[in-house]
Amino acid sequence: MRIAFVGQKGFPATYGGVEKVVDRVARGFAARGHQCVVYSRRYYGDSPCNLANIEVRPSSGLRSKRLEAISHTFLSLMDTLTQRVDIVAIHSFPNAILSWIPKLAGRKVALHLHGFEWDNGK
């Protein structure tokens, strides 16, 4: 099975709860023989990942406090349409609004919501 991870800042995890979850889940799937594609923001991290069954695809987004996450997720999801993936795992609550994009292409979508946005104090 080929799984795409979208919505996190990057891989491997250097900080952040969402990134640590994606890191563990992707490594777990890869250890079981599944192919993982992790979309990473271009500026995140300083070294490429050389793990078996994990491909890190750098992606761009608008470098803006309010638009960066959603624009990065949108462009990453558009790229999944050109890739052979079975499941698209979208991380974080605000990114879930774009879950219709891979569904239109017939992909299965898994939403991993890490907390309630209205309760995070930001």
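Rules used throughout
Residues numbered from 1 in each chain as written. Predicted model: local features only at pLDDT ≥ 70, side-chain atom pairs only at ≥ 80, totals over all residues. Heavy atoms only, no water. Pairing = 2+ DSSP bridges. Helix = DSSP H or I, 4+ residues; strand = E, 2+ residues; numbered from the N terminus. Axes fitted to C-alpha atoms, helices over the stretch in contact; angles between N-to-C directions. Buried < 20%, exposed > 50% of the residue type's maximum accessible area, 1.4 Å probe, protein only. Core = buried A, V, L, I, M, F, W, Y, C linked by side-chain atoms within 4.5 Å. Expected span 1.5 Å × (residues − 1). Contact = heavy atoms within 4.5 Å. Patch = residues over 30% accessible without salt bridge, like charges linked within 9 Å, V, L, I, M, F, W, Y side chains within 5 Å. Areas by Shrake-Rupley, 256 points an atom, 1.4 Å probe, with all protein chains shown as cover. Salt bridge = Lys/Arg side-chain N within 4 Å of Asp/Glu carboxyl O. Phe/Tyr/Trp six-rings, centres within 6.5 Å; stacked < 30°, edge-to-face > 60°. Lys NZ or Arg CZ within 6 Å of the ring centre and 35° of its normal.

1. Structural notes on the sheet that holds strand β1 (residues 2-6)
Here is step 1 of the chain: Across the sheet, five strands lie side by side as β3-β2-β1-β4-β5; this open sheet has parallel pairing. Single-partner strands in this sheet number two, and they are β3 (54-59) and β5 (108-112). Each neighbouring strand pair of the sheet contributes to a mean axis angle of 20°, computed without reference to strand direction.
Here is step 2 of the chain: Two elements, strand β4 (residues 87-91) and β5, share five bridges in a ladder whose sense is parallel. Residue isoleucine 87 lies in a different strand from β5, and its bridge partner there is lysine 108.

2. Brief notes about unusual backbone geometry
Working note: non-glycine residues mostly have negative phi, and peptide bonds are mostly trans.
Here is step 1 of the chain: With an omega of -5°, the peptide bond running from phenylalanine 11 to proline 12 counts as cis.
Here is step 2 of the chain: Relative to the helices and strands, proline 12 is located in the loop between β1 and α1 (17-31).
Here is step 3 of the chain: Although it is not a glycine, asparagine 53 adopts a positive phi angle of roughly 70°.
Here is step 4 of the chain: Summarising the element assignment, asparagine 53 is placed in the loop between β2 (35-41) and β3.
Here is step 5 of the chain: Since its relative accessible area comes to 25%, asparagine 53 is described here as partly exposed.
Here is step 6 of the chain: At serine 92, a residue that is not glycine, the phi angle is positive and equals roughly 90°.

3. Looking at the nonpolar core
Here is step 1 of the chain: Residues Phe5, Phe11, Val22, Ala26, Cys36, Val38 and Ile54 are the most contacted members of the largest nonpolar core, which totals 13 residues.
Here is step 2 of the chain: At the level of elements, β1, α1, β2 and β4 are the ones that each hand at least two residues to this core.

4. As for α1
Here is step 1 of the chain: Over its 15 residues, α1 runs 21 Å from end to end, which matches the ideal 21 Å to within 8%, given 1.5 Å per residue.
Here is step 2 of the chain: When we look at burial in α1, the residues that qualify are Val18, Glu19, Val22, Asp23, Ala26, Gly28 and Ala30.
Here is step 3 of the chain: Buried residues in α1 make contact with β1, β2, β3 and β4.
Here is step 4 of the chain: At the exit of α1 stands glycine 33, carrying a positive phi of roughly 95°.

5. Comments concerning a nonpolar patch on the surface
Here is step 1 of the chain: Taken together, the side chains of Phe74, Leu75, Met78 and Leu81 make up a nonpolar region of the molecular surface, amounting to roughly 310 Å² of accessible area.
Here is step 2 of the chain: Tracing the sequence through the fold places leucine 81 in the loop between α2 (68-80) and β4.
Here is step 3 of the chain: Using a relative accessible area of 32% as the deciding quantity, one classes leucine 81 as partly exposed.

6. Topic: the packing of aromatic side chains
Here is step 1 of the chain: Enumeration over the complete set of coordinates arrives at one aromatic pair.
Here is step 2 of the chain: Each ring, one from phenylalanine 5 and one from phenylalanine 29, has its centre 6.5 Å from the other, and the planes form 40°; the classification is tilted. Here phenylalanine 5 is found in strand β1, whereas its partner phenylalanine 29 is found in helix α1, with 24 residues between them in sequence.
Here is step 3 of the chain: Across the ring face of tyrosine 43, the terminal group of arginine 63 is positioned such that the distance to the ring centre comes to 4.0 Å.

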